[in-house]
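Understanding the architecture of this molecule
Listed below, chain by chain, are the residues.
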Amino acid sequence: MSEQRSGFPRRDAEGRILTLGDLLGVSLAGLVIGVLALVLFEWAFATMGAGGFGRTNGWLAVILPVWLFWDDFRAWEFGAARVVAALGGLAVGVFAGLLAAGLAAGLPPLLSGALAAAVFTVVYAVIWFQGVHWLARRTS
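Source: prediction; values computed, not measured.

**Notes on the nonpolar core**
Grouped together as the largest cluster of nonpolar side chains are 24 residues, with contacts concentrated most on Leu-23, Phe-69, Tyr-124 and Trp-128. At the level of elements, helix H1 (20-47), helix H2 (63-75), helix H3 (80-103) and helix H4 (109-139) are the ones that each hand at least two residues to this core. Examining the composition of this core, we find that 10 residues originate from one element, H4, more than from any other.

Below, the structure is given as structure tokens:
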């Protein structure tokens, strides 16, 4: 496999992310950016008197990681491997995220949702990356 370009995350010639570490690093960085953006908006609206701080759903922080996952999904050629890995990761990731949100139900929605988004991001990334590589080797 030859690398497409220098940068982060490292990608192969087809545009697929090369390592699980790269996928986790970039997706978690995107999650942190999402959480910081939500905190900034929450602070601004709370300062203007448009509601209490921490009322926004923290699941919104998952927007950038999902964008990255979608980009990597599109880089894989059409076939069952990418669909099965994505659906499996989505099902387990959402379940794990909802479980985390339920366990943190006493926290404000911003915090419990951000925790749920973090759990979803890690679980989905691991299942997607390992699953799509394993399935692609088996079906090719």
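**Details of the pattern of salt bridges**
Going through the model one piece at a time under the given rule, you end up with 5 salt bridges. Between Asp-12 and Arg-16 there is a salt bridge; the shortest N-O distance is 2.8 Å. The pair Asp-12 / Arg-16 is uniform in exposure class, with both members buried. The residue Glu-14 makes a salt bridge to Arg-16 at a minimum N-O spacing of 3.0 Å. Through salt bridges with shared partners, a single network forms among Arg-11, Asp-71 and Arg-74.

**A look at the packing of aromatic side chains**
Going through the model one piece at a time under the given rule, you end up with 6 aromatic pairs. Centre to centre, the rings of Phe-120 and Tyr-124 are 5.8 Å apart; their planes meet at 25°, and the pair counts as stacked. Placement of both Phe-120 and Tyr-124 in helix H4 is noted, with a separation of 4 residues, approximately one turn of the helix. Of the two residues examined, Phe-120 and Tyr-124, each falls in the buried class. Joined through ring pairs, the aromatic side chains of Trp-59, Phe-69, Trp-70, Phe-73, Phe-120, Tyr-124 and Trp-128 make up one cluster.

**Some points on the environment of Gly-21**
Tracing the chain through its elements places Gly-21 in helix H1. Overall, Gly-21 belongs to the partly exposed group, its relative accessible area being 48%. Gly-21 sits 12 residues away from Pro-9 along the chain, and the two C-alpha atoms are 8.9 Å apart.

**Quick look at a nonpolar patch on the surface**
The grouping of Val-83, Leu-87, Leu-90, Val-94 and Leu-98 at the surface amounts to a nonpolar patch, some 410 Å² of accessible area in total. Relative to the elements of secondary structure, Val-83 occurs in helix H3. Looking at Val-83, the relative accessible area reads 33%, which means it is partly exposed.

**Quick notes on the packing of H1 against H4**
Between two packed helices, the angle of one axis relative to the other and the distance separating the axes together describe the packing. Contact geometry for H1 and H4: axes closest at 10 Å, N-to-C directions at 160°. As the angle between them shows, H1 and H4 are arranged roughly antiparallel. The two elements H1 and H4 meet at a crossing, and its hand is right-handed. Contact residues: H1 offers Leu-20, Leu-23, Leu-24, Ser-27, Leu-28, Leu-31, Val-35, Leu-38, Val-39 and Glu-42, while H4 offers Leu-110, Ala-114, Ala-117, Ala-118, Thr-121, Val-122, Ala-125, Val-126, Trp-128, Phe-129 and Gln-130. The residue inventory of the contact of H1 with H4, partitioned by class, reads 17 nonpolar, 3 polar and 1 charged.

Rules used throughout
- Residues numbered from 1 in each chain as written.
- Predicted model: local features only at pLDDT ≥ 70, side-chain atom pairs only at ≥ 80, totals over all residues.
- Heavy atoms only, no water.
- Core = buried A, V, L, I, M, F, W, Y, C linked by side-chain atoms within 4.5 Å.
- Buried < 20%, exposed > 50% of the residue type's maximum accessible area, 1.4 Å probe, protein only.
- Helix = DSSP H or I, 4+ residues; strand = E, 2+ residues; numbered from the N terminus.
- Salt bridge = Lys/Arg side-chain N within 4 Å of Asp/Glu carboxyl O.
- Phe/Tyr/Trp six-rings, centres within 6.5 Å; stacked < 30°, edge-to-face > 60°.
- Patch = residues over 30% accessible without salt bridge, like charges linked within 9 Å, V, L, I, M, F, W, Y side chains within 5 Å.
- Areas by Shrake-Rupley, 256 points an atom, 1.4 Å probe, with all protein chains shown as cover.
- Axes fitted to C-alpha atoms, helices over the stretch in contact; angles between N-to-C directions.
- Parallel < 35°, antiparallel > 145°, perpendicular 65-115°, else oblique.
- Left-handed = near helix turned anticlockwise from the far one by under 90°.
- Contact = heavy atoms within 4.5 Å.
- Nonpolar A, V, L, I, M, F, W, Y, C, P; charged D, E, K, R; others polar.

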